[in-house]
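Coordinate inspection notes
Here is what each chain is made of, one letter per residue.
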Protein chains: 2
Amino acid sequence: MITFTEENYLKNLLLLSMEHEGVSVLMLSKKLGIKMPTVTSMMKKFAVKGFVNFSPYKQITLTASGKSEALLVLRKHRLTETFLTRVMGIGWEEVHSIAEQIEHIQSPLFFGKMDEMLHYPETDPHGEPIPTKEGVLIQQPKMRLSACRVGETVRLTGVNDSSKEFLTFLNSKGLKPGVRGKIEHVEPYDSSLTIICGDRKEVLSKTIADKVLVELM
Amino acid sequence: MITFTEENYLKNLLLLSMEHEGVSVLMLSKKLGIKMPTVTSMMKKFAVKGFVNFSPYKQITLTASGKSEALLVLRKHRLTETFLTRVMGIGWEEVHSIAEQIEHIQSPLFFGKMDEMLHYPETDPHGEPIPTKEGVLIQQPKMRLSACRVGETVRLTGVNDSSKEFLTFLNSKGLKPGVRGKIEHVEPYDSSLTIICGDRKEVLSKTIADKVLVELM
DNA sequence: TTAATTTGTTAGTCTAATCTAACTTTATTA
DNA sequence: TAATAAAGTTAGATTAGACTAACAAATTAA
Ligand SMILES: [Mn+2]
Ligand SMILES: [Mn+2]
Ligand SMILES: [Mn+2]
Ligand SMILES: [Mn+2]
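First, a word on scope: everything that follows refers to the structure included in this document. (Residues numbered from 1 in each chain as written. Chains lettered and ligands numbered in written order. Predicted model: local features only at pLDDT ≥ 70, side-chain atom pairs only at ≥ 80, totals over all residues. Heavy atoms only, no water.)

1. Observations concerning the coordination of the manganese ion (ligand 4)
Residue and element names in this part refer to chain B. Inclusion rule: The donor set comprises N, O and S atoms within 2.8 Å of the metal, extended to 3.2 Å for Na, K and Ca; water molecules are omitted, so apparent gaps in a site may simply reflect that omission. Helix and strand definitions follow DSSP, with helices as H or I runs of at least four residues and strands as E runs of at least two, each counted in order from the N terminus. Partly exposed residues are those whose accessible area sits between 20% and 50% of the maximum for their type, while under 20% is buried and over 50% is exposed, using a 1.4 Å probe and protein chains only.
Listed as protein donors to the manganese ion (ligand 4) are E81 (OE), D124 (OD) and H126 (ND1); their distances from the metal cover 2.0 to 2.3 Å. Sequence positions of the residues that donate to the manganese ion (ligand 4) give the spacing E-x42-D-x1-H. Taken together, the residues span a long stretch of sequence, with E81 in helix α4 (residues 64-86) and H126 in the loop between α6 (108-117) and β3 (143-144) at a distance of 45 residues. The exposure classification of E81 matches that of H126, with both residues buried.

2. Points about helix α2 (residues 25-32) of chain A
All names here are of chain A. What counts, and what does not: By arc we mean the arc of the directions from the helix axis to the C-beta atoms, nothing more. Between two residues, a contact is recorded if the distance between any of their heavy atoms is within 4.5 Å.
The complete set of buried residues in α2 reads V25, L28, S29 and L32. The arc that holds the buried residues of α2, viewed along the axis, is 105°, so those residues lie on one side. Lining the buried residues of α2 we find α1 (4-19) and α3 (36-49). G33 occupies a position one or two residues after α2 and carries a positive phi of about 70°.

3. Overview of the coordination of the manganese ion (ligand 2)
Residues and elements named next belong to chain A. Listed as protein donors to the manganese ion (ligand 2) are E81 (OE), D124 (OD) and H126 (ND1); their distances from the metal cover 2.0 to 2.3 Å. Overall, E81 belongs to the buried group, its relative accessible area being 1%. Relative accessible area serves as the criterion here: at 6%, D124 is assigned to the buried category.

4. Regarding the packing of aromatic side chains
Spelled out, the test is: The rule is short: rings of Phe, Tyr and Trp, with Trp giving its six-membered ring, pair when the centres are within 6.5 Å, and they are stacked under 30 degrees, edge-to-face over 60, tilted in between. Consider the ring centre and the ring normal. A charge sits over the ring if Lys NZ or Arg CZ is within 6 Å of that centre and within 35 degrees of that normal.
In total, this model carries seven aromatic pairs over all chains according to the counting rule given. Measuring from ring centre to ring centre gives 5.4 Å for F46 of chain B and F51 of chain B, while their planes differ by 85°; the resulting arrangement is edge-to-face. Taken individually, F46 of chain B and F51 of chain B each receive the classification buried, so the pair is uniform in this respect. Ring centres of F110 of chain B and F111 of chain B lie 5.0 Å apart, and the angle between their planes is 70°; this geometry places the pair in the edge-to-face category. F111 of chain B shares its class with F110 of chain B; the two are buried. Among the aromatic residues, ring-to-ring pairing joins Y9, F46 and F51 of chain A into one connected group. A cation sits over an aromatic face here: K211 of chain B above F166 of chain B, 5.3 Å from the ring centre.

5. Topic: the nonpolar core
Put simply, the test is: For the purposes of this section, nonpolar cores are sets of buried Ala, Val, Leu, Ile, Met, Phe, Trp, Tyr and Cys residues that join through side-chain atoms within 4.5 Å.
Core analysis: the biggest nonpolar cluster contains 28 residues, and M88, I102 and F110 of chain A together with M88, I102 and F110 of chain B have the highest contact counts within it. Contributions of two or more residues to this core are made by α4 (64-86), α5 (95-102) and α6 (108-117) of chain A together with α4, α5 (95-102) and α6 of chain B. Sequence-distant contacts of M88 of chain A, that is, excluding residues within four places in its chain, are made with F83 of chain A together with F83, F110, K113, M114 and M117 of chain B.

As structure tokens, this is what we get:
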């Protein structure tokens, strides 16, 4: 039996290892908001359980078993977010904190029904891919809006930050996955960027444009 | 902040106090499947928190504050069960164990949406009333099928036991809330009862008929 | 009304998950 | 390369929630 706490460690370990080759105790500690000694002792426990490869002062890597458990939690998280927006009509800026709790429900039947009702969705409301039941995760390449050039037409596909604050800000600019826009201007001085989406023209700082993911059209 | 564990104690304390005036440590211990000393120490904690009135060797009673917290948990449980059956199409024999987990989710928004999608339901799939947001619980009088007499026509309104095993058994007899039937025979020897529902004729032992709740038509 | 049974409490132990303080190892910088 | 800083570990404490064993109170039966 995997506990609530263990599921959180596993999921965040997976998220970190998708961005970096080898995860440090410090990174995981910061991600979870848990002090380093606590993380160290959990990693020792995980090594015994066979979820990670870990020896003192070395990087942490997930084993096949740890990764498959982690993928299941990530699947439950993203499936839930999709369900909350598509079926229940909850805003994409609100779903993360609810999914953070529901991802720990133990009921294959419940998540199976979700999947069925959503017709086996492939991405969550933030544009992130949903791991399959078999534990397969297809990572599509991500391009930052900040990397686009003047004149390019893009489609918003995702975000780098699912916090309520950031998503509420994007809502206020009319930006969400699926929206198309054309880069009108990039200011050389501060790299801020002007984008035209439908009848709206918005200026986005580099900080923002770094967190918005797009595909070229 | 009320924990997962505390919510379970509160809800079960409420359920017991709806049937008995004053709850004993033993009763709560049996209901929760937790040993008596553990229950005693939790009740001491609850007394300090102001959730219960409790002094050694006396009965436990919920305070107004404890009752209102308990009603909120019961509301989340029953709302969830209703959502799982009506929106997600999960069988009434499966929903209890899932609701047992989801009732601990902390998100008024989530439960508010559920309520809205279900058009503010008043009873759960087992026929139990759902406490209102304001903490009002309307207990309709319950009549046992075993108390009915030959010739009476009844409507199944609820059950006394929401275990998967029992509900699966009722499913096999075609019995669920809303179904109507006529008592054809009551066997004096063992109080078993024969009921006609539509084109089916079923014989139910007293054990079963005691757990099936009906209203006379 | 005494004895037996049931119910309840106290005391002490355990595990999971967290923390802080102190120390050690590794990496960086002067 | 030696000093400093950053990252990581060890040791020990804490809290929540559970347990068992032993004892005490209340209830029931003889
Ligand atoms: Mn979580
Ligand atoms: Mn997401
Ligand atoms: Mn529960
Ligand atoms: Mn129910």
